[in-house]
Amino acid sequence: MISAAVLRGLASLTRARAAHTAPLAVRCYSHAKVETDEEFDSRWVTYFSKPDLDSWELRKGMNTLIGYDLVPEPKILDSALRACRRLNDLASAIRILEAIKDKSGPHKEIYPYVIQELRPTLQELGISTPEELGIHKV
């Protein structure tokens, strides 16, 4: 049997555990203010509404926008489609619709909602959807 004195000696060799753990430090890599959804939408609508927007800026803006982990709101897409019309760029307009369908991924209800919201704009601008053109199967 181990004596009490030996147990006390072993107890002094082991580390005492703190009753609580210290909180982890939070790292703040950016001091920029967080942008609200409304500010985000407004920023992109303003970007695509610039009268001097050229084809390169349109593609750059859409590439950046599609790179985010979100499906853009219909009002942003409305502005982008109007920019395509100003530039007389039907191919980019259809590519935007294809990109939105791709971004919707497995959520089958998103793309029909976006098309439903954009339907008046599409009719006004004379833009057909990929489904109407028969290129959605490719």
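Now for a description of the structure that goes with this document. (Residues numbered from 1 in each chain as written. Predicted model: local features only at pLDDT ≥ 70, side-chain atom pairs only at ≥ 80, totals over all residues. Heavy atoms only, no water.)

**Quick notes on the overall build of the protein**
Helices and strands together make up the secondary structure of the protein, namely 7 helices and 0 strands. Element order for the protein, N to C, with α for helix and β for strand: α-α-α-α-α-α-α. Looking at the protein as a whole, 28% of its 138 residues are labelled buried. The long-range fraction of contacts in the protein, counting pairs at least 24 apart against all pairs at least 6 apart in sequence, stands at 62%. Working note: accessible area of the protein is about 10300 Å², and carbon and sulfur atoms make up 57% of it. (Helix = DSSP H or I, 4+ residues; strand = E, 2+ residues; numbered from the N terminus. Buried < 20%, exposed > 50% of the residue type's maximum accessible area, 1.4 Å probe, protein only. Contact = heavy atoms within 4.5 Å. Areas by Shrake-Rupley, 256 points an atom, 1.4 Å probe, with all protein chains shown as cover.)

**A look at the side chain of Ser79**
Along the polypeptide, Ser79 turns up in helix α4 (residues 74-86). Within the local environment of Ser79, its side chain forms a polar contact with the side chain of Ser49, the two groups lying 3.1 Å apart. Dropping the residues within four chain positions of it, Ser79 is found in contact with Trp44, Val45, Phe48 and Ser49. (Polar contact = N/O pair within 3.5 Å; in protein donor to acceptor, adjacent residues only side chain to side chain.)

**Some thoughts on the environment of Ser128**
Checked against the element boundaries, Ser128 lands in the loop between α6 (110-125) and α7 (130-133). Sequence separation between Ser128 and Ala93 is 35 residues, and the spatial gap between their C-alpha atoms is 9.1 Å. Look past the residues within four positions of Ser128 in its chain and what remains in contact with it is Ile94, Leu97 and Leu133.

**Details of the environment of Ala99**
You can see Ala99 is positioned in helix α5 (residues 90-104). Look at Ala99 and you get buried, because its relative accessible area is 12%. Expressed as a C-alpha distance, the spacing of Ala99 and Val71, which sit 28 residues apart in the sequence, is 9.4 Å.

The quantities given are spatial measurements derived from coordinates; they are silent on function.
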